Each structure stands twice: as C-alpha cells, then as structure tokens.
Amino acid sequence: MKFDTPAGTNPIDRMQVVGKPTDRIDGKYKTTGTAPYAYEQNRAAPNAAYGYVVGAGIAKGRIAGIDLSAAKAAPGVLAIVTADNAGKLTKGNFNTANLLGGPAIEHYHQAVAVVVAETFEQARAAAALVRIDYVRAKGRFDLAAELDHAPLKGDDSGEGSKAPPVDRVGDFEKAFAAAPVTLDARYTTPDQSHAMMEPHASIAAWQGDELTIWTSNQMINWGKGDVARTLGIPKEKVRLISPYVGGGFGGKLFVRSDAIMAALGARAAGRPVKVALQRPLIANNTTHRPATIQRIRIGCQKDGRITAIAHESGSGDLPGGGPETAVSQTKLLYAGANRLTAMRLAVLDLPEGNAMRAPGEAPGLMALEIAMDEMAEKLGMDPVEFRIVNDTQVDPAKPERKFSQRDLVGCLRQGADRFGWSRRNPKPGTTRDGQWLVGMGVAAGFRNNMTMKSAARVGIDRKGVVTVATDMTDIGTGSYTIIAQTAAEMLGVPLDKVVVLLGDSSFPVSSGSGGQWGGNSSTAGVYAACAKLRETIAQKLGFNSADVTFEGGKVRAGNRSVSLAEAAGDAGLSAEEMLEYGDLAKKYQQSTFAGHFVEVGVDAWTGEVRVRRMLAVCAAGRILNPLTARSQVIGAMTMGVGAALMEELAVDKRFGFFVNHDLAGYEVPVHADIPHQEVVFLEEADPMSSPMKAKGVGELGLCGVGAAIANAIYNATGVRVRDYPITLDKHLEKLPHVA
Ligand code: MOS
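Keep in mind that this is a model prediction, so the values were computed, not measured. (Residues numbered from 1 in each chain as written. Predicted model: local features only at pLDDT ≥ 70, side-chain atom pairs only at ≥ 80, totals over all residues. Heavy atoms only, no water.)

(A) Spatial organisation of the domain arrangement of the protein chain. With domains assigned, the protein chain is organised as domain 1 (2-35 + 451-582) and domain 2 (401-449 + 590-734). Each of domain 1 and domain 2 was reduced to a C-alpha centroid, and the two centroids are 35 Å apart. With 33 residues of domain 1 at the contact, the number on the domain 2 side is 28 residues. Among the residues of domain 1 in contact with domain 2, F3, Q516 and N520 are the three that bury the most area, contributing 29% of the side total. Inspection of the domain 1/domain 2 interface yields two salt bridges. In this structure, K693 and D13 form a salt bridge, with 3.0 Å as the shortest nitrogen-oxygen distance. Applying the counting rule to domain 1 against domain 2 returns 17 residue pairs in polar contact (both at pLDDT 80 or more). Counting only elements with at least two residues in the side of domain 1 that touches domain 2, the list comes to helix 12 (479-491), helix 13 (518-541) and strand 29 (573-581). For the side of domain 1 that touches domain 2, the element with the highest residue contribution is helix 13, accounting for five residues. When grouped by side-chain class, the residues that make up the side of domain 1 that touches domain 2 number twelve nonpolar, 17 polar and four charged. (Domains from an automatic or database assignment. Contact = heavy atoms within 4.5 Å. Buried area = accessible area lost by both parts, 1.4 Å probe. Salt bridge = Lys/Arg side-chain N within 4 Å of Asp/Glu carboxyl O. Polar contact = N/O pair within 3.5 Å; in protein donor to acceptor, adjacent residues only side chain to side chain. Helix = DSSP H or I, 4+ residues; strand = E, 2+ residues; numbered from the N terminus. Nonpolar A, V, L, I, M, F, W, Y, C, P; charged D, E, K, R; others polar.)

Next comes the structure, spelled out in structure tokens:
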C-alpha cells in the first residue's frame, strides 16, 4: 500500500480502541519476570556456555602479541576467539569501528577477545589471564583542540535530523551587523552514555551454517544484515530474535560486539554461547552521544523579531564517523530572513559516536533554547512571547513548503497557562522559598517526524483470534499495545482477541524502533495488512468491500452479518502487506512540537539544584495510546533532567577513554530526583503523516527539557551556566550572598 495522498476518513477514526488509555498487554509478563530478555532465553537456547569479552587497554595503536596459554589452561575454558583465529570479518554498514579489534586498535575497550567457558565465573577468571602486549600510538582526544582545524561536514543522523556542511539563507553577516539587539554565545554539551538498564546481550546458536541470535536490538532487519555482512554469510542464514528490550536509547540501533562475539564464540565452542557486555565495558566498547561545542548568534529588531540567526556546532568522531547534527532544528524552529547553520567534524580517537536519545535536536536545543532565553532578557521580553513572535508556519528557507501541522504557539500558551507562568518573577535571583532560590524556565520542544516503510502479517483463526506478526521491536515503548489496538480497531474485535508477535526476523520487515518513528510507522504497516485482510474477507463472503463494517467480532454488509470466526473458517485467513511512503514528507515539513516548563529550587548555601515541577505540552498528531505516550514523555523528561544536571562522560585526554564507565560514576536521575511531571497532548490528527494520523512523540519529550531546566536555574540564581551538565561547582561561587 502506497501512502502518497493525505489520509481520508478510515476505520481508525472511530477511535473505539485506538486513542484510549490502555495498559500494556505485555505488562503482566514484565512484572512477573516471565518476559524473556535476550540473556534469559535459556529455554530457546539451552546449554549455553558463557562468553566474557576482553576490551582493549589502549585507545589507539596495535597488539604486538597475545599470550593465551594461561587462559586456555584455566578451568572450564572451551574456546578463545581473537582476530587471529576469528576468520575474515567485515565491518558492518552501521558500524564505524570494527567490533573485533586486532592487531590494529581503533578505540579503548574495543573487543579484542572473547573467552568462552562453562560458567560465567570461569570465563571471567580466564579472561583475566589473557596477556596482551600493546604498542600505543598517539591519539587525538581533545575536541576543542581538534576543532581548531576540523573541516565542515554535513550529515544525517539517520533519525530525521540533518543539515548540510553550511546552509545559508539571505545574508546573515550583514543582517547581524545591522541588528539593534544581538547575542553571540558559546555553549557546550558533554559526551553521554545511553546507560540503558539491560546491557547489550546476546545468545548465539549455530545449526550447521544457520545462525540464530537472541539479542537486544532496536532494528531487527538492520541487525540481520550487519551480522551477515560482518561474518561473511548469506543474510538468509541469519535469524535475529528480540521480543523484549530493556531500553536502547539509540545504543541498540546497531549490532554490537555482544552479538558478534557470541556468534564467533558459539562457532568455536560448538554450542550456544551467551554474552552480556560487562557494564564497565559498555561506555567505551559501544557508541555514545558525542560532545558538542556550539556557537549561536541571534540578531533582533527592538520589537523582538529575529532578523539574523546563526548556529554552528562542532563535534568529533572516529575516522569515517559523522557529526552530531545539533544545528538541524535551527533551520526550522523560528522565522528570520537571514540564516546560517554550519557543522564541523573533528577526527577523534575516542570510542564511536552515534545516535542517542534524539540525536541532533536534543543537544542542539540545549544550546538554542538557552540562547533564546538570553535574547528575550536582552529585549526585555517575556521568553514565551519572544518565541511566539518568532513562530513560523513555513520552512523559513523554502516558504512554499508548509508544516503539515504546527501548533508550537498552542503548546506555549497552554503550557504558560497551566504552569502559572504569570507568577514567574522576570528578575532573576530574587524569588526565595526558605533556603531555596526558586526559578521558572521555558523552552520550545521540536523533533522531526520521520516515517519508515513497515510491513506486517495479520491472520484470523477459526476462533476469531487475530494474530499480528511483524519484526517490530518493543523497547519499552508500548509497541505491543498500540499494534494490538490498531488491529482491534481495524477488524472490530476486542483487545483480548488480538495476539501480537514481535521482534523476530522471520516476520515481515517493519520500521523498527528509532528516531520516534516506530509508533506511527509500525502501526501504519499493521493498518495496511488489516486493510488487505478486510478485502480478503469481504471477497470471500461476496460482500461489496465499499460498504463493509467490522464491529463486535462480526463483518456486516447491508443486512448480512457473519462472525469473523466463521468467515475465517477452519483454514483461517491471513494477509501480509507493507505500507510505503510517497513524497508527502517532501511537500510538507513534518515535525512535532512541545512547550516545556520547569520550576527548580537552588539551595542558596550549597548550590544544589532540585527540580520542583515539570510540564510538557505536546502537539504530535494523533496520540494512539495516551497512557503509553505519557510514559514515553515522562521518561524523556527524566532524561532531560539527566542531561541538564548529571550526565557526562569524563574524557581522559591523555589516554583517550571515558573514565566514569559504570553506573557508579555515570550519574542518571533516580526517582528521588524527579518531581511531579505533567504531560498534556493537544488534540491533533495529521493526515499527512500516515493513515494512523499519528506522529512521533517519545523523543519530543526530551527535546528542549535541558534548556528549560537551565533557564529555570538562571531565573532562580541570576548566574548563567552555558556548559552542561549544570553541576553546582559551575555556579556556587557566583550565587547571591547568604551571610
Ligand atoms: Mo534513536 S536515539 O534510537 O531513537
């Protein structure tokens, strides 16, 4: 099914099941411990041996020699795989560095060996006996120093965030020089780690030349392709199974070393092998969000209209990697005739940078939305009003290109109302509540809406039970539930008559989960398969498909009515279909919008920041399940608290690695850090996005939050911090005197 004209009225518009707050259908399995995650697939892959990954002890250089003799002789050891005996491996299309290093080492903790043993403890003990001699080479680890001579580089995050090396509209320099009110400021965001709860984990089993990997992965079909490519085997010989994923955040978009080491270990040991990347290995072995250094210049008329806006960002990555596309949203968020964006990419020998939690917009808005706050203050304007004055309903670079829907103004106005924004004191550092300096902050949220083709198979059996199968993943987002809701709505059956099977590469290829496209795209694929099944049923019954209704477990046309069970018959009926997209996304800019509001308290004596209240008002198309969508948004807001206040991989610039590579040193928010969070969805249905009229919403909940917190802190203290995370040492000395 091709989606190339705006959606008309369709069965989803009934909203009898879709759009209703619905508990997760997989919730009972997760809360009872009966949902098997990758490392727990013992029933599917019995008798697995344990693999323990050895990570490189240098950032750049080569292995001069490996001595495996002691490790091989250790109790329980079954096999040890290194680059010497792994056979020929090819780098995956989605990897920047090889997943098995040696003799060349590309980054710290790059896997250089997997030790397979009967038990985990034996594998770990033997791994400690692997002797490796390295020759260290000089590496580049200092982003600021390397950006001095880094070239301009455009790119696409792969998640809907993109910008060319340089993008100019009008004459920025001239307009900026002529503007009566200007801002020119520098902002930094640090390297960050996904820190998902479930580590990267896989069990691999070979049957002859066929390989099955139970793994934790967001994108089954990408992963299947890259496993085949890396190992040099045909794609048809690879099966990936990933029904439950304990968080990915972009770190599991791609196959990582756990899957490849498990496959190599299993081949060498001649039996299934399970590998969970050890937590202290994850930060340096896998991908991370790259640090950025950003410069923003804004020129305004005295009435607050932007006449010139420039956003430049620099980041680094291994050779062949890409930039953090932090300037992307600045092309679209605000009006202004003269514009400039540019990105520079430095070559660094730190671990591989890649997508994490709204790549591009999340760190880009952390800078842009502080700059907007600073500019509003220079103008003496309210920061909500300043944003509203500069709203645009068209792509500022191509005014003939409208947004499919855009209600940023509604988000900001309703948010200000609900949050009690009028009570904010615009004079910073002057509101007290006992020991607390109190402040409020606002930021716009913006994230593009991507659509991805997606297929599904839907069947009905003789009992009238509907089964949906697609290789879509549920990474904690609620995919199972919204897919069941979609099939129930389309076929007119109650939710408990729908079985959803996900995360298996033997099922039709879906959109997968990434870039907040999964909800809309995967359900659109299910919509297409259901539409085809409705046709099939109507034809079988001799009904005119134009006036058929599916309701209450029955199919009706005129005064004829047949139960679905009867229609399916003993053999059952099934249909498979893919929804593909035409060029509506080119004709219309599809984006999602939010107003983020935050109140903080800053301890006047210690500088400690506590978030007191948070509100997100989101405009993101039809909300398929307000309960799971809300969970997505409050989770994302929590990530925003992490980004604003805590999360930072500390770079060792001498040896080139992330020092705080475990959950003791890499801090993320816990329940005690998070206050009441309120989420409001504006009523929308976007006919340009898909037959579901839904859009992405998960990552929108993060985009802008960091800056809203930063702006609230400034309002509380009067001290502007432009370097994230905003830890108390960055403002303590400058806080108002207390004694
Ligand atoms: Mo992407 S960072 O997997 O949504």
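(B) Representation of the packing of helix 16 (residues 626-645) against helix 17 (residues 705-717) within the structure. Interhelical geometry of helix 16 versus helix 17 gives an angle of 55° and a closest axis separation of 8 Å. With respect to helix 17, the axis of helix 16 lies oblique. Where helix 16 crosses over helix 17, the two elements pack in a sense that is right-handed. Where helix 16 abuts helix 17, its residues M637, G640, V641, A644 and L645 lie against V705, G706, I709 and I713. Tallied by class, the residues present in the contact of helix 16 with helix 17 amount to seven nonpolar, two polar and no charged. (Axes fitted to C-alpha atoms, helices over the stretch in contact; angles between N-to-C directions. Parallel < 35°, antiparallel > 145°, perpendicular 65-115°, else oblique. Left-handed = near helix turned anticlockwise from the far one by under 90°.)

(C) Inspection of the sheet that holds strand 27 (residues 554-557) at higher detail. As summarised here, the arrangement of the three strands in space is 26-27-28, forming an open sheet in which the pairing is antiparallel. The open sheet has two edge strands, strand 26 (548-551) and strand 28 (560-563), and neither has a second partner. With strand direction ignored, the average angle separating the axes of adjacent strands in the sheet is 20°. Pairing of strand 26 with strand 27 involves four bridges; the strand directions are antiparallel. (Pairing = 2+ DSSP bridges.)

(D) Local environment of unusual backbone geometry. Between G102 and the following residue, P103, the backbone shows a cis peptide bond with an omega angle of -5°. Inspection of the secondary structure puts P103 in the loop between strand 4 (77-82) and strand 5 (104-105). Between Y724 and P725 the backbone carries a cis peptide bond, its omega angle lying at -5°. Within the secondary structure layout, P725 lies in the segment after helix 17. Although it is not a glycine, F249 sits at a positive phi angle of roughly 60°. Residue F249 is classed as partly exposed on the basis of its relative accessible area of 27%. Positive phi, normally seen in glycine, also occurs at K693, with a value near 60°. Within the secondary structure layout, K693 lies in the loop between strand 34 (677-681) and helix 17. (Buried < 20%, exposed > 50% of the residue type's maximum accessible area, 1.4 Å probe, protein only.)

(E) Helix 3 (residues 120-127), seen in detail. Every buried residue belonging to helix 3 is among A123, A126 and A127, and all of these are buried. The buried residues of helix 3 occupy an angular sector of 100° when the element is viewed end-on, so they sit on one face. Contacts made by the buried residues of helix 3 are with strand 2 (49-55), helix 2 (69-72), strand 4 and strand 6 (111-117). (Arc of directions from axis to C-beta.)

(F) Structural context of the nonpolar core. Among the nonpolar cores identified, the biggest contains 89 residues, and I298, F386, V600, L645 and I709 are the most heavily contacted of them. Ranked by residues supplied to this core, first place goes to helix 9 (residues 361-379) with eleven residues. Aside from chain neighbours lying at most four places away, what touches I298 is F176, V181, T182, L183, I306, A308, I309, A371, M372 and M375. Within the second largest apolar cluster, 54 residues are counted, among which are I460, L502, V526 and L624. (Core = buried A, V, L, I, M, F, W, Y, C linked by side-chain atoms within 4.5 Å.)

(G) Structural context of the side chain of T473. Topologically, T473 is positioned in the loop between strand 24 (466-469) and helix 12. The exposure class assigned to T473 is buried, which follows from its relative accessible area of 0%. Discounting residues that sit within four places of it in the chain, T473 has contacts with N217, Q218, I220, S242, S479, L502, G512 and S513.

(H) Summary view of the pattern of salt bridges. Counted under the stated rule, the structure contains 38 salt bridges. As a salt-bridge pair, E173 and R168 come within 3.0 Å of each other at their nearest N and O atoms. Given the relative accessible area of 47%, R168 is considered partly exposed. In this structure, K237 and D209 form a salt bridge, with 3.4 Å as the shortest nitrogen-oxygen distance. Pair noted here: K237 is in the loop between helix 6 (220-231) and strand 14 (238-241) and D209 is in the loop between strand 12 (201-207) and strand 13 (210-215), with a separation of 28 residues, a long-range link. Here the salt bridges do not stand alone but share partners, grouping E159, E361, R447 and E699 into one network.

(I) Structural view of the packing of aromatic side chains. Under the counting rule described, the total for this entry stands at 15 aromatic pairs. Measuring from centroid to centroid gives 6.0 Å for Y37 and Y244, while their planes differ by 45°, and the two rings are tilted. Remark: Y244 occurs in the loop between strand 14 and helix 7 (257-269) and Y37 occurs in the loop between helix 1 (27-31) and strand 2; sequence separation between them is 207 residues. Given a relative accessible area of 10%, Y244 falls into the buried group. (Phe/Tyr/Trp six-rings, centres within 6.5 Å; stacked < 30°, edge-to-face > 60°.)

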